[in-house]
Amino acid sequence: MRITAIRDTTVSIRSELRNAFISFAEMTVSAVVVITDLVRHGRPVAGYGFHSNGRYGQSGILRERLIPRLLAAPSEALLTEDARNFDPFRAWQVMMANEKPGGHGERSVAVGALDMALWDLVAKIEDKPLYQVLGERFLGGEANPSVYVYAAGGYYYPGKDLGALQEEMRRYLALGYDTVKMKIGGAPLEEDLKRIEAVLEVVGRGGALAVDANGRFDEETALRYAEALGSYGLKWYEEPGDPLDYDLLARVAGASKTPIATGENLFSWQDSRNLIRYGGMNPQRDWLQMDPALSYGLVEYLRILVMLGRQGWSSRRCLPHGGHQFALHIAAGLSLGGNESYPGVFEPFGGFADGVPVEGGRVRLPDDPGIGIERKASLIPIYEAML
């Protein structure tokens, strides 16, 4: 069994959305396919992958370094000991050969996209959904076929007033979500508070609303927001300052009555360990959002979970960023606290399998082998075109 081809393409997911820090007017995503010589139903078995929104397409790193390394590797360097399947851990070592430590943030995204495709491939070869494969390998078979999800939205948009913001949140509730998230920091504090209060009129309670500053604030502003948010009883206050400013985060976490959430812009287990060491976060109340598709893939995410366990954190405090099928399988297969969701946003990569509704704030995973990209009609044509 061997890999016969690996192909990538860059796909635009541009929109007029913006958060407190960036616009998505030029956003792209890399999609990859790993094709093998194993044939089923008259077609080569192939694994599909991509990376989450927020980081641009990675064609240079993929084509110049990572894909050539995988294609040049002897089959035994990529297979399990019994040669019955591919081994993402061995493939990870091949991809990272001759790479210096540190500098996480772009390379990690490219590895994450290929890692997703390899796990999709592994589960297809086993003829099982990925969450079941993960549950069997890492939880003794105790995977949960449904996952808590929250609707991430509330972006700033040209001409979007309070009424439009409220209507957006009503749509999420109507879709079956019971928790929503909105952006802050792209407007003055007083205006953001009006936006928060408008959403609370719709969702009814503070615990059904999280807010996300996308790393926008300096320490003074982050603390002012923490004080102002304290009376609302919100689900969490996300990424108040630069993701690598652990001192700022520790000061805000110490002052905030609202739980803190962060981690989506940390791309290695080493950076995640520094967050836990120096970020002042509380494992009993705060939330971690590291994204496997951006941080060297599931192979690295498993290392992060081991580190967290040693530091007294439960996997139930982890809610991966990304809002896509891969993270959903990981949440189900590794007993995480849930997963982000982007209803109708960042298509075709955002969202889950077609025809699977959100019910009571939870979504079920289909039993199709692999990740289930074939069950998403808007996404599968991208991969069909690369085969």
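Summary of the structure given here.

Rules behind the numbers
Residues numbered from 1 in each chain as written. Predicted model: local features only at pLDDT ≥ 70, side-chain atom pairs only at ≥ 80, totals over all residues. Heavy atoms only, no water. Core = buried A, V, L, I, M, F, W, Y, C linked by side-chain atoms within 4.5 Å. Buried < 20%, exposed > 50% of the residue type's maximum accessible area, 1.4 Å probe, protein only. Helix = DSSP H or I, 4+ residues; strand = E, 2+ residues; numbered from the N terminus. Salt bridge = Lys/Arg side-chain N within 4 Å of Asp/Glu carboxyl O. 1 Å grid on protein atoms, 1.4 Å probe; cavity = no way out; pocket = protein on both sides within 12 Å on 5 of 7 lines; lining within 4 Å. Points joined across faces, edges and corners; volume = space filled by probe spheres on them. Nonpolar A, V, L, I, M, F, W, Y, C, P; charged D, E, K, R; others polar. Polar contact = N/O pair within 3.5 Å; in protein donor to acceptor, adjacent residues only side chain to side chain. Contact = heavy atoms within 4.5 Å. Axes fitted to C-alpha atoms, helices over the stretch in contact; angles between N-to-C directions. Left-handed = near helix turned anticlockwise from the far one by under 90°. Phe/Tyr/Trp six-rings, centres within 6.5 Å; stacked < 30°, edge-to-face > 60°.

## Section: the nonpolar core
Across soluble globular proteins, nonpolar side chains have a tendency to be buried as a group. Counting 134 residues, the largest nonpolar core has L114, I184, I196, Y237, L308, F349 and Y383 as the members making the most contacts within it. Ranked by residues supplied to this core, first place goes to helix α3 (residues 107-126) with twelve residues.

## Details of the pattern of salt bridges
Pairs can form between side chains of opposite charge once their charged atoms are near each other. Going through the model one piece at a time under the given rule, you end up with 26 salt bridges. Its salt-bridge partner being D37, residue R2 comes within 4.0 Å of it at the nearest N-O pair. Linking R2 in the segment before β1 (3-12) with D37 in strand β2 (residues 28-40), this pair joins segments that are 35 residues apart in sequence. Its relative accessible area of 44% is what places R2 among the partly exposed residues. You can call D37 partly exposed: its relative accessible area is 36%. Among the salt bridges present, the one from K376 reaches E347, with a minimum N-O distance of 2.7 Å. Linking K376 in the loop between β12 (362-364) and α12 (380-384) with E347 in the loop between β10 (339-341) and β11 (358-359), this pair joins segments that are 29 residues apart in sequence. The exposure class of K376 is buried, given its relative accessible area of 2%. The exposure class of E347 is partly exposed, given its relative accessible area of 35%. Ionic contacts of the salt-bridge type, sharing partners, join the residues K181, K183, D212, E238 and E340 into one network.

## Description of the layout of surface pockets
Taken as a whole, the largest pocket spans an internal volume of roughly 510 Å³. As for the largest pocket, its lining consists of 26 residues, of which R55, N214, E239, E264 and N265 are closest to the centre. Classifying every residue of the lining of the largest pocket gives ten nonpolar, eight polar and eight charged. When its volume is computed, the second largest pocket comes out at roughly 390 Å³. The wall of the second largest pocket is formed by 15 residues, among which H41, P44, V45, K124 and E374 lie closest to the centre. Listing elements by their share of the lining of the second largest pocket, those giving two or more residues are β3 (43-50) and α12. For the lining of the second largest pocket, the leading source of residues is β3, giving five residues. Here the residues of the lining of the second largest pocket sort into seven nonpolar, one polar and seven charged.

## Section: the side chain of T179
With respect to the helices and strands, the residue T179 is situated in the loop between α5 (162-175) and β5 (180-183). For T179, a relative accessible area of 4% corresponds to the buried category. Within the local environment of T179, its side chain forms a polar contact with the side chain of Y148, the two groups lying 3.2 Å apart. Here D178 takes part through its side chain, which lies 3.1 Å from a polar atom of the side chain of T179. Apart from residues lying up to four places away in sequence, T179 is in contact with Y148, Y150, A151, G207 and A208.

## A word on the packing of α5 against helix α6 (residues 189-203)
Running from amino to carboxyl end, α5 crosses α6 at an angle of 35 degrees, the nearest separation of the two axes being 9 Å. Regarding α5 and α6, the two cross each other, and that crossing is right-handed. Touching L162, L165, Q166, M169, R170 and L173 of α5 are K194, R195, A198, V199, E201, V202 and V203, all from α6.

## Describing the packing of aromatic side chains
Under the defined criterion, the tally for this structure stands at eleven aromatic pairs. Between F24 and Y155 the ring centres are 6.0 Å apart and the planes differ by 85 degrees, which places this aromatic pair in the edge-to-face class. With F24 in the loop between β1 and β2 and Y155 in the loop between β4 (146-152) and α5, this residue pair connects regions lying 131 residues apart in the sequence. The class for Y155 is buried, based on a relative accessible area of 4%.

## Remarks on the environment of R316
With respect to the helices and strands, the residue R316 is situated in the loop between α10 (297-310) and α11 (325-333). The exposure class of R316 is partly exposed, given its relative accessible area of 43%. When near neighbours in sequence (up to four residues on either side) are disregarded, R316 contacts W287, S335, L336 and G337. A polar contact of 2.6 Å, which involves the side chain of R316, links it to the backbone oxygen of L336.

## Side note on helix α4 (residues 130-138)
Burial in α4 covers these residues: L130, Y131, V133, L134 and G135. Elements in contact with the buried residues of α4: α3, α10 and α11.

## Quick word on unusual backbone geometry
A cis amide bond, omega 5 degrees, links E347 with the succeeding residue P348. Here P348 is to be found in the loop between β10 and β11. Positive phi outside glycine occurs at N214, with the angle close to 55 degrees. Here N214 is to be found in the loop between β6 (209-212) and α7 (219-229). Judged by its relative accessible area of 11%, N214 falls in the buried class.

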